[in-house]
Amino acid sequence: MTNQTTLIIGANSEIAKALAIKIIADNSSNLIVISRDISFYQQSTFDSATVIPIKSYEELAISNTLASIKKLPTLLISQVFICHGILHNERCQPEKRLEDFSSESFSEIITANTLTPMLWLKHLTPMLSGKNPCKIVVFTARVGSISDNKLGGWYSYRASKAAMNMLVKSAAIELARRAKNIKLISFHPGTTDSPLSKPFQANVPEGKLFQPSFVAEQLFTITANALIDGDASYVDWQGKAISW
Ligand SMILES: NC(=O)c1ccc[n+]([C@@H]2O[C@H](COP(=O)([O-])OP(=O)(O)OC[C@H]3O[C@@H](n4cnc5c(N)ncnc54)[C@H](OP(=O)(O)O)[C@@H]3O)[C@@H](O)[C@H]2O)c1
C-alpha cells in the first residue's frame with residue numbers, strides 16, 4: 001500500500017460502490033468516500049477506508065468536507081471520481097417532448113448533475129494542485145455530446161451533461177496554466193445496471209447492459225493510462241474518445 005489516495009464523491013452510486021470495492025480488493029490505494037448515504041460503507045470490508053457523510057451538496061458543506069480531508073495525515077490524492085447523476089426521481093422524468101419540460105425538474109437535474117460536480121472541482125483544485133499527478137473523473141454521459149445527438153428528448157439530462165462537459169473542457173484549459181499535475185476526464189460508463197438506468201433497461205440490446213464491476217475495471221484502466229496532457233478527455237467505457 002502506498003500513500004496514494006482515491007477519493008470517491010457521490011459514493012452511494014452503484015458504479016461508485018464498484019470502484020470502492022475494487023480499490024479495497026486490490027489494496028492499491030487509500031480510499032476516502034463521501035456520500036449523503038454511507039450505509040453501504042458500514043460493512044467491515046471498508047474498515048480501512050475513511051467514510052465521510054455529507055448532509056447536502058451545498059457549497060459550504062462541500063468546502064467544509066474538503067477542509068476536514070485536508071486535516072487528515074499526509075495523503076496524496078491521485079484519483080478523484082465525481083459520480084453525481086439524476087435522470088429520474090419522484091419529481092423528474094426524462095422529457096419525451098417539449099411540453100414535458102418543467103423549470104422545477106430542470107433546476108433539480110442541473111443542480112445535481114452540473115452545479116454540484118462543478119463546486120467539487122472548484123474546491124478540489126487548490127487542494128490538489130502541486131506535484132503529485134492527479135486524475136479527476138467526472139461522470140457525464142454520451143447523451144451530453146452535442147455532435148452525437150441524433151434522437152433529441154431528455155432535455156434536462158442532456159443539457160446538464162453537455163453543460164458539465166463544457167465546464168470540464170474550460171476547467172482543463174485553466175488548469176493547464178495553473179495546475180499542470182491535474183488531468184480532467186469526462187466519462188461515459190455505458191448503460192450500467194443501477195437505479196439510474198433501471199426504468200430504461202428493457203430496450204438495451206443483449207450484452208450492452210454493463211455490471212458496475214465491469215465499468216469499474218474499465219475505468220481504472222482508463223485512469224491508469226490517461227496522460228497528464230493539459231487537455232480534457234471525453235471518453236466512453238472502452239476509453240474511446242467521444243466527440244464533444
Ligand atoms: N447507469 C447508467 O446507465 C449511466 C449511463 C450514463 C451515465 N451515467 C452516469 O454515471 C454516474 C453514476 O451513475 P449510477 O448509475 O451509478 O447512478 P446511481 O446509482 O443512481 O447513483 C446516483 C448518484 O447521484 C448522486 N445524487 C443523487 N441525487 C443527488 C442530488 N440531489 N444531488 C447531488 N447528487 C445526487 C448520488 O450521490 P449520493 O452518494 O450522495 O447518494 C450518487 O452519486 C451518473 O453521473 C450518471 O449520470 C450512468
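Below you will find a few notes about this structure. (Residues numbered from 1 in each chain as written. Predicted model: local features only at pLDDT ≥ 70, side-chain atom pairs only at ≥ 80, totals over all residues. Heavy atoms only, no water.)

**A word on helix H1 (residues 14–26)**
The condition that has to hold: A helix here means a DSSP run of H or I that spans at least four residues, while a strand means a run of E at least two residues long, and both kinds are numbered starting from the N terminus. How far a helix is expected to stretch is found by multiplying one less than its residue total by 1.5 Å. Throughout, exposure labels follow a simple rule: accessible area from a 1.4 Å probe, protein chains only, divided by the maximum for the residue type, with under 20% read as buried, over 50% as exposed, and the rest as partly exposed. The contact criterion used is simple: two residues touch if any of their non-hydrogen atoms lie within 4.5 Å. Here a polar contact means two N or O atoms within 3.5 Å. Within protein one must be a hydrogen donor candidate and the other an acceptor candidate, and residues neighboring in sequence count only if both atoms are side-chain atoms.
Between its terminal C-alpha atoms H1 stretches 19 Å, which fits the 18 Å expected from 13 residues at 1.5 Å a residue. All buried positions along H1 are accounted for by Ile15, Ala16, Lys17, Ala18, Leu19, Ala20, Lys22 and Ile23. Looking at the buried side of H1, the elements it contacts are strand S1 (4–9), strand S2 (30–35), strand S4 (76–82), strand S5 (134–139) and helix H5 (212–225). Regarding H1, its N-cap is Ser13, as a side-chain oxygen of that residue lies 3.2 Å from the backbone nitrogen of Ile15 further along. Note on H1: the residue one or two positions beyond its end, Asn27, has a positive phi of about 50°.

**Thoughts on the nonpolar core**
Cut-off, in case you're wondering: In these notes, a set of buried Ala, Val, Leu, Ile, Met, Phe, Trp, Tyr and Cys residues joined through side-chain atoms within 4.5 Å is what counts as a nonpolar core.
In this structure, Leu7, Val80, Ile82, Trp120, Leu124, Ile136 and Leu184 are the most contacted members of the largest nonpolar core, which totals 31 residues. Secondary-structure elements contributing two or more residues to this core are S1, S2, helix H2 (59–70), S4, helix H3 (103–128), S5, helix H4 (155–178) and strand S6 (182–188). Residues contacting Val80, with those up to four places away along its chain left out, are Leu7, Ile9, Leu124, Leu128, Cys134, Lys135, Ile136 and Val137.

**Regarding the site of the ligand**
Selection rule: Whether a residue is near a molecule or strand is decided by its heavy atoms; if any one of them lies within 4 Å of it, the residue is near. Note on areas: Shrake-Rupley, 1.4 Å probe, and residue coverage restricted to the protein chains presented here. Any residue that is not Ala, Val, Leu, Ile, Met, Phe, Trp, Tyr, Cys, Pro, Asp, Glu, Lys or Arg is counted as polar, Gly included; the first ten are nonpolar and the last four charged.
Contacts to the ligand come from 28 residues, most closely from Gly10, Ser35, Tyr57, Tyr157 and Ser194. Contacts to the ligand include Tyr157, whose side-chain N or O atom sits 2.7 Å from an oxygen atom. The protein chains hide 89% of the 910 Å² of surface that the ligand would expose on its own. Breaking the shell around the ligand down by element, the ones donating at least two residues are H1 and H4. A breakdown of the residues in the shell around the ligand according to their chemical character gives 12 nonpolar, 13 polar and 3 charged.

**Considerations on the side chain of Thr125**
Within the fold, Thr125 resides in helix H3. Looking at Thr125, the relative accessible area reads 9%, which means it is buried. One polar contact links the side chain of Thr125 to the main-chain carbonyl oxygen of Leu121, over a distance of 2.8 Å.

**With respect to unusual backbone geometry**
Phi at Asn27 is positive, roughly 50°, even though this residue is not glycine. Relative to the elements of secondary structure, Asn27 occurs in the loop between H1 and S2. In the Ramachandran plot, Trp154 falls in the positive-phi region, its phi being about 50° despite a non-glycine side chain. Here Trp154 shows up in the loop between S5 and H4.

**Comments concerning the environment of Lys55**
As for its position among the elements, Lys55 is in the loop between strand S3 (50–53) and H2. Looking at Lys55, the relative accessible area reads 84%, which means it is exposed. Lys55 sits 18 residues away from Asp37 along the chain, and the two C-alpha atoms are 8.8 Å apart.

**Describing H4**
Here H4 is 24 residues long and its end C-alpha atoms lie 34 Å apart, about the 34 Å a rise of 1.5 Å per residue gives. All buried positions along H4 are accounted for by Ser156, Tyr157, Arg158, Ser160, Lys161, Ala162, Met164, Asn165, Val168, Ala171, Ala172 and Leu175.

**Considerations on the sheet that holds S5**
Where we set the bar: By definition, two strands form a pair when at least two bridges between them are found by DSSP. As a rule, the C-alpha atoms of each element are fitted with a line to give its axis, helices using only the stretch in contact, and angles between N-to-C directions run from 0 to 180 degrees.
Pairing in this open sheet of 7 strands is parallel, and the strands run S3-S2-S1-S4-S5-S6-S7 from one edge to the other. Lying at the two open borders of the sheet, with one neighbouring strand each, are S3 and strand S7 (233–236). Taking the axes of each pair of neighbouring strands and ignoring which way they run, one obtains an average angle of 20° across the sheet. Examined bridge by bridge, S6 and S7 share 4 bridges and lie parallel to one another. Looking at S7, one finds that Ser186 is bridged to Tyr234.

**A look at the packing of H2 against H3**
Rule in force here: For a crossing to be left-handed, the near helix must be turned anticlockwise from the far one by less than a right angle; the clockwise case is right-handed.
Where H2 meets H3, the closest approach of the two axes is 10 Å, and the angle between their N-to-C directions is 35°. For the pair H2 and H3, the crossing hand works out as right-handed. Judged by residue contacts, Glu59, Ile62, Ser63, Thr65, Leu66, Ile69 and Lys70 of H2 engage Thr116, Leu119, Trp120, Lys122, His123, Leu124 and Met127 from H3. Split by residue class, the contact of H2 with H3 holds 7 nonpolar, 4 polar and 3 charged.

**Some points on the pattern of salt bridges**
Cut-off, in case you're wondering: Note on definitions: salt bridges are taken to be side-chain nitrogens of Lys or Arg within 4 Å of carboxyl oxygens of Asp or Glu.
Under the definition given, this model contains 11 salt bridges. For Lys22, the salt bridge is made with Glu217, and the minimal N-O distance between the two is 3.8 Å. In this pair, Lys22 sits in helix H1 while Glu217 sits in helix H5, placing the two residues 195 residues apart along the sequence. Looking at Glu217, the relative accessible area reads 42%, which means it is partly exposed.

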